[in-house]
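# Structural description and commentary
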Amino acid sequence: MHTAAGVEACLPIRSDMDLVWVRQHVRQAAARLGFGLVDQTKLITAASELARNTLVHGGGGQMEARQVGRAGAQGLQLAFIDEGPGIVDLDLALSDGYTSGGGLGMGLSGARRLVHDFDIDTTPGSGTTVRVTCWVGRPPRPREEV
């Protein structure tokens, strides 16, 4: 993980207890950055679902957290990384209402709706990385191409 000012952590996700630590870290980091209670709750809920997916479907992995900035806005970026079997049918996994069971029942699509930026990189047989970012206040506009 790149060294950056502010919030930064790399937490293992190997057990149910690690899921508690992930939620606690995200809550504290979001509060430190000035997220309101509603946005904290959304980010913690998304992180909880993604961490459980990392544990259950990816066989464990890690969460990397760091403070990011864009257009004067502050944000928290979380990456959930595993070296599991990957996602064979990404379109299905991202479809509304799809769940493989055992989580909060919101699936990847629910987690995606709770954050401002969502990116997933998966290759069957090579693992999955889900990267999400939430911005304090409202999300900054992406840079326009010139």
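In this report, the structure presented in the accompanying data block is examined. Note that the coordinates shown come from a computational prediction; the quantities given were computed from them, not determined experimentally.

### A short note on helix 4 (residues 107-114)
- For helix 4, the set of buried residues is G107, L108, S109, G110 and A111.
- Buried residues belonging to helix 4 abut helix 2 (37-56), helix 3 (90-93) and strand 4 (117-123).

### What about the pairing of strand 4?
- Covered by surrounding structure in strand 4 are F118, I120 and T122 only, the residues D117, D119, D121 and T123 on the alternate face being uncovered.
- As judged from the 7 bridges shared by strand 4 and strand 5 (residues 127-135), these two strands associate in the antiparallel manner. Across the sheet, D121 pairs through a bridge with T129, a residue of strand 5.
- The turn joining strand 4 and strand 5, which pair antiparallel and follow one another in sequence, is formed by 3 residues; a positive phi near 90 degrees is taken by G125.

### As for the pairing of strand 3 (residues 73-82)
- Burial analysis of strand 3 places 8 of its 10 residues in the buried class, which makes it a mostly covered element.
- Where strand 2 (residues 61-70) and strand 3 come together, 10 bridges link them in antiparallel fashion. Each bridged residue has a counterpart across the sheet, and for R70 the counterpart in strand 3 is A73.
- Taking the residues between adjacent antiparallel strands as the criterion, strand 2 and strand 3 are bridged by 2 residues, where A71 takes a positive phi near 55 degrees.
- In this sheet, strand 5 lies alongside strand 3 in antiparallel orientation, the contact comprising 8 bridges. Its bridge partner being in strand 5, G75 is matched across the sheet by W135.

### Considering the pattern of salt bridges
- Taken as a whole and judged by the stated rule, the model has 2 salt bridges.
- A salt bridge links R70 to D117; the nearest nitrogen and oxygen atoms lie 3.9 Å apart. Placement of R70 in strand 2 and of D117 in strand 4 is noted, with a sequence separation of 47 residues between them.
- Judged by its relative accessible area of 26%, D117 is partly exposed.

### Things to note about the sheet that holds strand 1 (residues 8-13)
- The antiparallel open sheet is built from 5 strands, whose spatial order is 1-2-3-5-4. The strands lining the two open edges of the sheet, one partner per strand, are strand 1 and strand 4. The mean inter-strand angle of the sheet, taken between neighbouring strand axes irrespective of direction, is 15 degrees.
- The sheet contacts of helix 1 (residues 16-33) involve strand 1, strand 2 and strand 3, and relative to strand 1 the element is tilted by about 165 degrees.

Here is what the cut-offs are and how they apply
Residues numbered from 1 in each chain as written. Predicted model: local features only at pLDDT ≥ 70, side-chain atom pairs only at ≥ 80, totals over all residues. Heavy atoms only, no water. Buried < 20%, exposed > 50% of the residue type's maximum accessible area, 1.4 Å probe, protein only. Helix = DSSP H or I, 4+ residues; strand = E, 2+ residues; numbered from the N terminus. Contact = heavy atoms within 4.5 Å. Pairing = 2+ DSSP bridges. Salt bridge = Lys/Arg side-chain N within 4 Å of Asp/Glu carboxyl O. Axes fitted to C-alpha atoms, helices over the stretch in contact; angles between N-to-C directions.

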